[in-house]
Amino acid sequence: MRQGCTGRYLEPPAPVLLGLTVLTLVLSSSTPVIGWRPWPNNFASSNGSSDPILGGSKKYEGSSEFVHLKYHMGPVLTADITVHAIWYGSWQKSQKKIIREFISSISAANAKHPSVAGWWRTVQLYTDQTEKNISRTVRLGSEKNDRFYSHGKTLTRLDIQSVIKSAVTAKSKPLPINPQSGIYLVFTSGDVYVQDFCRQVCGFHYFTFPSIVGYTLPYAWVGNSGKMCPGVCAYPFAVPEYMTGVKPLKSPNGDVGVDGMISVIGHEVAELATNPLVNAWYAGQDPSFPVEIADLCEGIYGTGGGGSYTGQLMDGHDGATYNMNGIRRRFLVQWVWNHLLNYCSGPNALDQ
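What you see is a predicted model; the values in this text were computed from it and never measured.

Q: Just to check I follow, could you spell out the state of the cysteines for this structure?
A: Disulfides are covalent bonds that link the sulfur atoms of two cysteine residues. Summed over all chains, the structure comprises 3 disulfides. With a sulfur-sulfur separation of 2.0 Å, C202 is cross-linked through a disulfide to C233. Its S-S torsion of about -80° marks the bond between C202 and C233 as left-handed, since a negative value means left-handed. Here the residue C202 occupies a position in the loop between β9 (193-194) and β10 (203-207), and C233 occupies one in helix α4 (residues 230-233), the gap between them amounting to 31 residues.

This is the structure in structure tokens:
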């Protein structure tokens, strides 16, 4: 029996910004940066203001004269990318396996279409000053477990950098230092609260400060919202209480919190590859407020997406919703901006 395709019209949850706290390249103070919201949002932000660059929503399906994504001459990740994972808190083996398989699927050429690898091909289109493309190879590197909550269960954004420092300076099996092609992903378990988590952020990316870590390393943080706020950061696999009459969709891997993390992880890895030091590919004039390649496709997961419509999704035999295949699993991942065609692109295989 052939798997069906469906489109979803969904009203958005309360406005959520995937913000980052960044130290700009010329200033020493931290400045919040607006990034991704986990689902379509047609409303102004919670303080009544709209996005000063692209209005209240940064979603564009099809060509748009309002999008001016530019290259600002900074480095991108053209060498083979190695992902070093830091598992902070209490993680089940099954949860780690889902995330590992998603990362491994980015370079999996033999996955069924539409595939995660097909989605990554849009990211590969971006180049550096020498016209060298971002690497097609993304592989798992060393991992570090911080199961004893070395920095507590309530973390500030800068504490995330301290977690990385602990991992790369550990006396036993420290993570390797790889500033040229390594990225460091900090995953916090469902009982860890990170500054602004569930209110303004579901994850963020930036680079570490030598004053804290000793090195400049591209990194991202993504939290498991399964216990604290699945209706915010794992939407549409969970819905907020105020959305009466809206049923959550079935997650493809049976773990609402982790399945919700997958799209955030994809979002952050794509932007780390194209804008690792916040001086490469982004829209807008201010690097402290970059609008990046995944931000431009906020809430778009399939053909025809835009506004409150996710686009064409797929329903498995088990009733789970997804839009692309990995090596052995299925995932729901947001599309990214194709700067050559000037619109959002996915695996380019939904119609195959």
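Now that the structure is up, let's keep going.
Q: Honestly, a nonpolar patch on the surface in this entry has me stumped. Any pointers?
A: On the surface, L125, L340, L341 and Y343 cluster together into a nonpolar patch covering about 360 Å² of accessible area. Examined against the element boundaries, L125 turns out to sit in the loop between α2 (116-124) and β6 (138-146). Assessed through its relative accessible area of 30%, L125 is described here as partly exposed.

Q: Even after reading the chapter, I still don't get the packing of helix α1 (residues 93-105) against helix α5 (residues 256-274), so can you show me in this structure?
A: Helix-helix packing is characterised by the crossing angle of the two axes and by the distance between the axes. The N-to-C vectors of α1 and α5 enclose an angle of 30°; their axes lie 10 Å apart at closest approach. Judged by the inter-axis angle, α1 sits roughly parallel to α5. Where α1 crosses over α5, the handedness of that crossing is right-handed. Counted together, Q95, I98, I99 and F102 of α1 and V258, M261, I262, I265 and G266 of α5 form the full contact between these two elements. Looking at the contact of α1 with α5, its residues break down into 7 nonpolar, 2 polar and no charged.

Q: How should the nonpolar core be read in this particular structure?
A: Taken as a class, soluble globular proteins show a tendency for nonpolar side chains to be buried jointly. Core analysis: the largest hydrophobic core is formed by 81 residues, its most contacted members being I99, W120, L185, F187 and I265. When residues in this core are grouped by element, the largest group, 9 residues, is from α5. When sequence neighbours within four positions are dropped, the list of residues in contact with I265 reads I99, F102, L185, F187 and V222. By size, the runner-up hydrophobic cluster in this structure holds 5 residues, among which are F237, L249, Y301 and L313.

Q: Could you clarify how one ought to interpret the pattern of salt bridges in this entry?
A: Close approach of charged atoms allows side chains of opposite charge to pair. One pass over the full model with this rule turns up 8 salt bridges. Its salt-bridge partner being R100, residue E143 comes within 2.9 Å of it at the nearest N-O pair. Taken together, the residues span a long stretch of sequence, with E143 in strand β6 and R100 in helix α1 at a distance of 43 residues. Exposure remark for R100: the relative accessible area of 29% places this residue in the partly exposed category. If you follow the salt bridges from partner to partner, you end up with E101, R328 and R329 in one network.

Criteria and thresholds
- Residues numbered from 1 in each chain as written.
- Predicted model: local features only at pLDDT ≥ 70, side-chain atom pairs only at ≥ 80, totals over all residues.
- Heavy atoms only, no water.
- Disulfide = S-S within 2.5 Å.
- Helix = DSSP H or I, 4+ residues; strand = E, 2+ residues; numbered from the N terminus.
- Patch = residues over 30% accessible without salt bridge, like charges linked within 9 Å, V, L, I, M, F, W, Y side chains within 5 Å.
- Areas by Shrake-Rupley, 256 points an atom, 1.4 Å probe, with all protein chains shown as cover.
- Salt bridge = Lys/Arg side-chain N within 4 Å of Asp/Glu carboxyl O.
- Buried < 20%, exposed > 50% of the residue type's maximum accessible area, 1.4 Å probe, protein only.
- Axes fitted to C-alpha atoms, helices over the stretch in contact; angles between N-to-C directions.
- Parallel < 35°, antiparallel > 145°, perpendicular 65-115°, else oblique.
- Left-handed = near helix turned anticlockwise from the far one by under 90°.
- Contact = heavy atoms within 4.5 Å.
- Nonpolar A, V, L, I, M, F, W, Y, C, P; charged D, E, K, R; others polar.
- Core = buried A, V, L, I, M, F, W, Y, C linked by side-chain atoms within 4.5 Å.

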